[in-house]
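# Breakdown of the fold
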Amino acid sequence: MTNLNGINPREWALFLDLDGTLVDIQTTPGDVFAPPGLTALLGDLVDTFSGAVAIITGRRLSDVDEILSPLCLIGAGVHGIQLRKSRDGEIETLAPQFPRELLQSLQALAKEHPGIVVEPKISAVAMHYRQAPFLRDKLERALRVLVSGYHQQLELCTGRMVFEIMPHAYSKGQALVSLSALEIFRGRHPVMIGDDAPDVSAIDMAHNLGGLGLRVAGEFFPARAAQFKSTLDVRQWLGDIVGNRAAPRLNTA
Ligand SMILES: [Mg+2]
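Because the structure is predicted, anything quoted here is derived from the model rather than measured. (Residues numbered from 1 in each chain as written. Predicted model: local features only at pLDDT ≥ 70, side-chain atom pairs only at ≥ 80, totals over all residues.)

## Side note on the overall build of the protein
If you tally the helices and strands in the protein, you get seven helices and 13 strands. Taking 18 Å as the expected radius of gyration for a compact globule of 253 residues, we find that the protein reaches 18 Å, a close match to that expectation. Structurally, the protein occupies a C-alpha span of about 55 × 35 × 35 Å along its principal axes. With 253 residues in all, the protein has 40% of them scored as buried. Excluding contacts between residues fewer than 6 apart, the proportion of contacts in the protein whose partners are at least 24 apart in sequence is 56%. (Helix = DSSP H or I, 4+ residues; strand = E, 2+ residues; numbered from the N terminus. Rg over C-alpha atoms; globule rule 2.2 N^0.38 Å. Buried ≥ 20, exposed ≤ 12 C-beta atoms within 10 Å, placed from the backbone. Contact = placed C-beta atoms within 7 Å.)

## Considerations on the domain arrangement of the protein
In terms of domain boundaries, the protein breaks down into domain 1 (8-94 + 170-251) and domain 2 (100-167). Its C-alpha centre places domain 1 at a distance of 25 Å from the equivalent point of domain 2. Taken together, the 18 residues of domain 1 in the interface contact 18 residues of domain 2. (Domains from an automatic or database assignment.)

## A word on the sheet that holds strand S6 (residues 92-93)
If you walk across this open sheet you meet the seven strands as S6-S5-S4-S3-S2-S11-S12, and the pairing is mixed. Two strands in the sheet have a free side with no partner beyond their single neighbour: S6 and strand S12 (212-215). Two elements, strand S4 (residues 74-77) and strand S5 (residues 82-84), share three bridges in a ladder whose sense is antiparallel. Paired with Gly-77 across the bridge in S5 is Gln-82. (Pairing = 2+ DSSP bridges.)

## Examining the packing of helix H5 (residues 172-180) against helix H6 (residues 200-208)
Running from N to C, H5 and H6 point in directions that differ by 45 degrees, and their axes come no closer than 6 Å. Here H5 lies oblique to H6, going by the angle between them. Of the residues in H6, those in contact with Lys-172, Gly-173, Ala-175, Leu-176 and Val-177 of H5 are Ser-201, Ala-202, Asp-204, Met-205 and Ala-206. Among the residues making up the contact of H5 with H6, the classes are represented as six nonpolar, two polar and two charged. (Axes fitted to C-alpha atoms, helices over the stretch in contact; angles between N-to-C directions. Parallel < 35°, antiparallel > 145°, perpendicular 65-115°, else oblique. Nonpolar A, V, L, I, M, F, W, Y, C, P; charged D, E, K, R; others polar.)

## Digging into the pairing of S4
Neither face of S4 is left uncovered, since the one carrying Ile-74 and Ala-76 and the one carrying Gly-75 and Gly-77 both have all their residues buried. In this structure, strand S3 (residues 53-56) lies alongside S4, joined through three bridges in parallel fashion. In the sheet register, Ala-54 faces S4, and the bridge partner there is Ile-74. Between the parallel pair S3 and S4, the chain is carried across by helix H2 (residues 61-68), and the sense of this crossover is right-handed. From the end of S4 to the start of S5, which pair antiparallel, there are four residues, and Val-78 there has a positive phi angle of about 45 degrees. (Right-handed = clockwise from strand over helix to strand, strands pointing away.)

## Comments concerning the sheet that holds strand S10 (residues 162-167)
With respect to topology, four strands assemble into an open sheet ordered S7-S8-S10-S9, the strand pairing being antiparallel. Of all the strands in the sheet, just strand S7 (117-121) and strand S9 (154-159) have a single pairing partner and so form its edges. Averaged over all neighbouring strand pairs, the angle between strand axes comes to 20 degrees, with direction disregarded. Bridge count for S9 against S10 is six bridges, and the pairing is antiparallel. The residue bridging Cys-157 from the neighbouring strand is Glu-164, located in S10. Running at roughly 10 degrees to S10, helix H4 (residues 136-148) makes contact with strand S8 (124-128), S9 and S10 of the sheet.

## Here's the deal with H5
Restricting attention to buried positions, one finds in H5 the residues Lys-172, Gly-173, Ala-175, Leu-176, Leu-179 and Ser-180. All buried residues of H5 fall inside an arc of 160 degrees around its axis, so they share one side. (Arc of directions from axis to C-beta.)

## Quick notes on unusual backbone geometry
Following Ser-69, the chain continues to Pro-70 via a peptide bond in cis, the omega torsion being 10 degrees. Mapped onto the secondary structure, Pro-70 falls in the loop between H2 and S4. Within the chain, His-79 stands out as a residue other than glycine whose phi angle is a positive 55 degrees. Within the secondary structure, His-79 is located in the loop between S4 and S5. Even without being glycine, Ala-169 reaches a positive phi, approximately 80 degrees. With respect to the helices, strands and loops of the structure, Ala-169 is situated in the loop between S10 and H5. Judged by the 12 C-beta atoms lying within 10 Å of it, Ala-169 is exposed.

## Focus: the packing of helix H1 (residues 38-48) against helix H7 (residues 231-242)
Where H1 meets H7, the axes come as close as 10 Å, and the angle between the chain directions of the two elements is 45 degrees. One finds that H1 runs oblique with respect to H7. Between H1 and H7 lies a crossing whose hand is left-handed. Where H1 abuts H7, its residues Leu-38, Leu-41, Asp-44, Leu-45 and Thr-48 lie against Arg-235, Leu-238, Gly-239, Ile-241 and Val-242. A breakdown of the residues in the contact of H1 with H7 according to their chemical character gives six nonpolar, two polar and two charged. (Left-handed = near helix turned anticlockwise from the far one by under 90°.)

Written as structure tokens, this is what we have:
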């Protein structure tokens, strides 16, 4: 068990999930917004950490840019399928386009079941059921059948009130490895903060690389297993680092 009193911005790097970590989850992904002060806070963190700050998200990076506008961050989108290696760099997409006929089947499935929201993400698709949680098991069965026809390229993953159909071999953990290798992050200990199942690989990877993986309580991590109670708690902790105050002690076991 380690107690963290604060991190030295000259020796550490931040890898941050967005939804459920920095911003509150809303009914649909399109409803998510940056709370007042978040963009300024992230800008200050970039300065404080000499640029060693990245977003690691399941969203497309273009969505992240809209939410955090006018800020543009280094990041991995769609669970590592997209990478932007510098703040003013191009977004690289590493996996092929999602099969069109499967996307059409998913859209048809959603149309039959009001409350299901389809989020196409270039090489992946998210099926959100937050508005119809009672459909979870039925949706999962239908998705397993549809995805089985593409099992050599795609797999079904779960998250907070969402199923994602993703190409194999991409994960937030792998994204953290790729970003950590960039000059701006090299030699720094990674801190990864996340709230959901896809963050686990990045949280574990941060530990493996000599850093810390921190969890936000919610529908996935119970409060007893989390260092942060809420997105507000995360923002306050990050604000304390920027303000050069001793960040609150965290149980990082
Ligand atoms: Mg999240």
